[in-house]
Amino acid sequence: MWHGRFTKDTAKTVQDFTQSLDIDWRMAESDIEGSIAHAKMLGETGILPREESAKIIAGLLKVADEIREGKFIPSESLEDVHMNIEARLTEIEPLGAKLHTARSRNDQVATTTRLYLRKRLQGLRENLRELLRVIVSNAERHISIIIPGYTHMQQAQPVSMGHYWLSWFEAFYRDSQRLDFALSSLNECPLGAGALAGSTLPIDRFMTCETLGFDRPTRNSLDTVANRDYMTDYHYFASVFMIHISRLCNDLITWNSQEFGFIVLPDEFCTGSSMMPQKKNPDVLELARGKAGQVIANLVDLMITLKGLPMTYNRDLQEDKRGLWASVDTVESVMKIIAELLSRVEVDEGLALAGLEKGYSLATDIAEYLVMKGVPFREAHAIVGRLVGWCIAEKIAFEDMTLEQWQEHVPFADAAMMGILTARESVRRRNVYGGTGFDQVRKQIEEAKSRV
Ligand code: ARG
């Protein structure tokens, strides 16, 4: 089939090298969906008689059944998913030879890929929404637990664990917007662009577009067969998402260590060591962190493939799907397992608080107390800084200082100042929009709920 100008079959080595079944067979159902829309349009526009179009569609449905039942074993000698399906269709229904009227594999592969990717990205949307829900419910569960907040990996100020979880809500929410953008950028219908220039036949591109549920037909046929931006848009979403996942996992890995010990991971999500009986390793978190590299590499891989390509289709583009599926599969599994793990993470309130005590993390609170008494902030900063130096030298914590000792080092020190010197007060009093104050976090939880 399709020999035409050739007098010899493609060499076996070339067949092996050029085939793409290993990466495109998974799109078989989407390919048939696109072909059905195309055949229907050929019938409705009168390019083919209606009965012929109906027979082709019936044949395609049969092929779909065979695929579903696992009866159809595609052959690499037929190169790709598109040719395999068309060849089988034509065996079942000789009118299959008319299906490729006004179509090229270039607009076909673009259509099939968009249809399949759309389904997968809609799935990711659901998985991501579930992750967001879990994070909000963690924020609710842990709102009154106080942990040290860090900058430079140094204890900075105490924060509500609910506030911490919501920081990831914001990051993943932005990811969901990037995912939506990727979905909207893929949702244009390539069918009818042909090999690159459209068709001389009176096809109706709006009709196939509508049948397939795309927002509009693509606007330029050359761009249509060359364009893979919707893939880079997805990859960018995926890369940023995995960067977030990786950072989150890293926090949890650190906090799960003996040295920190704030969080308790569910046993079912950890593994032991083959040698050291005491170990409870956070492998799921480490693997999720580790997989981020591949996902980012897939973005870079596609970008490098695309960067030197002339307008329009070039066979290099066949390689676009390998990294795409690897990435979609990875992102999907990470979303599912991390959501499950997070929903069972517990925080050891006592250890989190104990970690805070010796860190002088209330220093800013004292400086701000002095500011309210009229001390310029720079001066207040210096006063409290000197006090911290003294405390370190004397090996004494803020908590252990008497009022008299406070008064020796800090002007305006009084009982009211002593009253604010707890982590809980420190968190509660950071009552600014977006801050860690419990009331603010509660407000943000409500807002987050309305966003998922
Ligand atoms: N298997 C090809 C791909 O995935 C289909 C398009 C082939 N087009 C061509 N002109 N050889 O890109």
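Let me begin by describing the structure that accompanies this report. Predicted model only: the values in this text are computed from it and were never measured. (Residues numbered from 1 in each chain as written. Predicted model: local features only at pLDDT ≥ 70, side-chain atom pairs only at ≥ 80, totals over all residues. Heavy atoms only, no water.)

### Structural notes on the site of the ligand
Close to the ligand lie Ser20, Asp80, Arg105, Asn106, Val109, Tyr313, Arg315, Gln318 and Lys321. Separating a nitrogen atom of the ligand from a side-chain N or O atom of Ser20 is a distance of 3.4 Å. The side chain of Asp80 places a nitrogen or oxygen atom 2.9 Å from a nitrogen atom of the ligand. When the ligand is considered free in solution it has 340 Å² of accessible area, and contact with the protein chains removes 86% of it. No other element matches the three residues that helix α6 (residues 105–141) contributes to the shell around the ligand. Among the residues making up the shell around the ligand, the classes are represented as two nonpolar, three polar and four charged. (Near = heavy atom within 4 Å. Polar contact = N/O pair within 3.5 Å; in protein donor to acceptor, adjacent residues only side chain to side chain. Areas by Shrake-Rupley, 256 points an atom, 1.4 Å probe, with all protein chains shown as cover. Helix = DSSP H or I, 4+ residues; strand = E, 2+ residues; numbered from the N terminus. Nonpolar A, V, L, I, M, F, W, Y, C, P; charged D, E, K, R; others polar.)

### Quick look at unusual backbone geometry
Residues apart from glycine generally show negative phi values, whereas peptide bonds are mostly found in trans. The residue after Met311, namely Thr312, is reached through a cis peptide bond having omega 15°. Position of Thr312 relative to the elements: it lies in the loop between α11 (283–307) and α12 (320–342). Non-glycine residue Lys395 carries a positive phi angle of around 55°. By relative accessible area, which is 76% here, Lys395 ends up exposed. (Buried < 20%, exposed > 50% of the residue type's maximum accessible area, 1.4 Å probe, protein only.)

### Considering the side chain of Asp80
Among the structural elements, Asp80 can be located in the loop between α4 (50–68) and α5 (81–92). Residue Asp80 is classed as buried on the basis of its relative accessible area of 3%. Polar side-chain contacts of Asp80 include one of 2.9 Å to the backbone nitrogen of Met83. Here Asp80 is in contact with Ser20, Leu21, Asp24 and Arg105, once residues within four sequence places are set aside. (Contact = heavy atoms within 4.5 Å.)

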